[in-house]
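A closer look at the structure
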Amino acid sequence: MVRPYIKSISYYVPDNIVTNDDLSKIMDTSDEWIISHTGIKQRYFVNEGENNSDIATKAAKIAMEKAEVTADEIDLIILATTSADYVGFPSTACLVQDKLGAKNAGAYDLGAACTGFVFGVETAANFIKSGNYKNILVIGSEVLSRTMDMTDRNTAVLFGDGAGAAIITANEDKESKSEIIYSFLRSMGSGADSLKRPAGGTTNPFVPGVTDPKDLYIYMNGRQVYNFAVKAVTDTILKLMEKNNLTMDSIKYIIPHQANIRILEAAAGRTSIPIEKFYINIENFANTSAATIPIALTEVVEKKLIQRGDNILTVGFGGGLTFGGNYIKW
Ligand code: UT7
């Protein structure tokens, strides 16, 4: 049986740091409100002329270097995003494929919002298990700064830009390493209206002079999404534990999507898992949607917080609505 594993993990963020104080100069908000309600202190925004495919390519190049995989050796590129370079097509994955020169790869975007990397990891794992693919590049990349209404304090303080990338490949060694063992993927389309970009798609196409420009930006019913998120994180952790006979003590780290520190504190309380087991970096990056989990996982690896053989869970939730997680034996 072919065993898929994460050969490398990396991230890239633009060099433009935007603090809460920077935002309070352009909208009616404050550092105190943002920190106390979300845990966010700063985020990164792309610079002018810098696009999703640019930061995704940078994250991918680092992952390829770490894994010692060349562009020619990549068979497939799966790019999870909600903030593609273009509406609909071409996919951002195709633009990244060109920028990398990955001429032997198929490439496509995956739309599962903030759960996109979790879905992408499981998708790649199954391509590897098919035996027909060897090296798969999974990317979560977002330029949310260009999808937010910067006059809407309800959303504009919450999101940031960034990209994370993993090379997922087949383990041909005897010993186990960073193996993707099991994933739990769920969707709840009945909640679609609580988090969306109302216009610009074919339901409500952009019509000059008719479309309210605000409808082109992210709309979120924060309270509804918050309640969904606490339950999604709780259910995902419990399901991954149950299906894999994991006890609380046997889990080294949970790598969660980071939308609000209070969601994670509430989920920790409900699952009786100490909050210290949740890796939290929301203060530095804010919510980078599909990029959040690979960014956090890279930090966990680089800080040497996990060792070979440790059990880790990823947990994502977001637009769609979607939620789920991966169980990885590192
Ligand atoms: O990754 C996608 C998934 N997204 C999420 O999981 C987000 C889930 N939702 C949340 O994290 C929270 O609901 C928010 C952070 C979005 C909002 O936090 P909250 O504690 O639920 O605040 P609220 O919406 O109840 O607003 C409380 C007050 C309101 O003022 P009034 O009506 O009480 O006078 C808001 O107008 O805070 C006000 N407010 C702000 N004040 C200063 C809302 N945003 C801001 C702001 N600065 N940025």
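Here we summarise the structure given alongside this text. Nothing here was measured: the structure is a model prediction, and the numbers come from that model.

In this section: unusual backbone geometry. Cis peptide bonds are those with omega within 30 degrees of zero, and the linkage from Phe89 to Pro90 qualifies with -5 degrees. Relative to the helices and strands, Pro90 is located in the loop between β4 (76–80) and α4 (92–100). In this structure, Leu321 follows Gly320 across a cis peptide bond, with omega equal to -5 degrees. Tracing the chain through its elements places Leu321 in the loop between β12 (311–318) and β13 (322–329). Residues other than glycine seldom take positive phi values, yet Ala113 does so here, at roughly 50 degrees. Relative to the helices and strands, Ala113 is located in the loop between β5 (106–110) and α5 (116–129).

Moving on, we come to the packing of helix α3 (residues 52–67) against α4. Between α3 and α4, the shortest axis-to-axis distance is 9 Å and the interhelical angle comes to 55 degrees. Classified by the angle between their axes, α3 and α4 sit oblique to one another. Note on packing geometry: the crossing formed by α3 with α4 is right-handed. Within the contact between the two elements, α3 uses Asn52, Ser53, Asp54, Ala56, Thr57, Ala60, Lys61 and Met64 and α4 uses Thr92, Leu95, Val96, Lys99 and Leu100. When the residues that make up the contact of α3 with α4 are grouped by side-chain class, the tally is six nonpolar, four polar and three charged.

Time to look at the site of the ligand. Around the ligand, the surrounding shell holds 23 residues, and the nearest of these are Thr29, Arg153, Arg223, Asn260 and Asn287. Here an oxygen atom of the ligand sits 3.1 Å away from a polar atom, N or O, in the side chain of Trp33. At a separation of 3.0 Å, a nitrogen atom of the ligand approaches a polar backbone atom of Gly222. For the ligand, the accessible surface in isolation is 960 Å², of which the surrounding protein chains cover 74%.

Each full turn of the α-helix corresponds to 3.6 residues, which orients residues three or four apart in the same direction. Every buried residue of α4 is listed here: Thr92, Ala93, Val96, Gln97 and Leu100. Each buried residue of α4 sits inside an arc of 145 degrees when the element is viewed along its axis, so together they form one side. Of the surrounding elements, those touching the buried residues of α4 are α3, β4, β5 and β6 (135–143). Following α4 by one or two positions, Gly101 has its phi on the positive side, about 70 degrees.

The residue Glu50 is located in the loop between β3 (42–45) and α3 in this model. Of the side chains with opposite charge, Lys58 lies nearest to the buried Glu50, which makes no salt bridge, at 4.3 Å. Side-chain polar atoms of Glu50 contact the backbone nitrogen of Asn47, separated by 2.9 Å. Look past the residues within four positions of Glu50 in its chain and what remains in contact with it is Tyr12, Pro14, Ile55, Lys58 and Arg146.

Rules used in this analysis
- Residues numbered from 1 in each chain as written.
- Predicted model: local features only at pLDDT ≥ 70, side-chain atom pairs only at ≥ 80, totals over all residues.
- Heavy atoms only, no water.
- Helix = DSSP H or I, 4+ residues; strand = E, 2+ residues; numbered from the N terminus.
- Axes fitted to C-alpha atoms, helices over the stretch in contact; angles between N-to-C directions.
- Parallel < 35°, antiparallel > 145°, perpendicular 65-115°, else oblique.
- Left-handed = near helix turned anticlockwise from the far one by under 90°.
- Contact = heavy atoms within 4.5 Å.
- Nonpolar A, V, L, I, M, F, W, Y, C, P; charged D, E, K, R; others polar.
- Near = heavy atom within 4 Å.
- Polar contact = N/O pair within 3.5 Å; in protein donor to acceptor, adjacent residues only side chain to side chain.
- Areas by Shrake-Rupley, 256 points an atom, 1.4 Å probe, with all protein chains shown as cover.
- Buried < 20%, exposed > 50% of the residue type's maximum accessible area, 1.4 Å probe, protein only.
- Arc of directions from axis to C-beta.
- Lys, Arg positive; Asp, Glu negative; His and termini not counted.
- Salt bridge = Lys/Arg side-chain N within 4 Å of Asp/Glu carboxyl O.

So, to be careful, I would describe these as geometric facts and stop short of saying anything about function.
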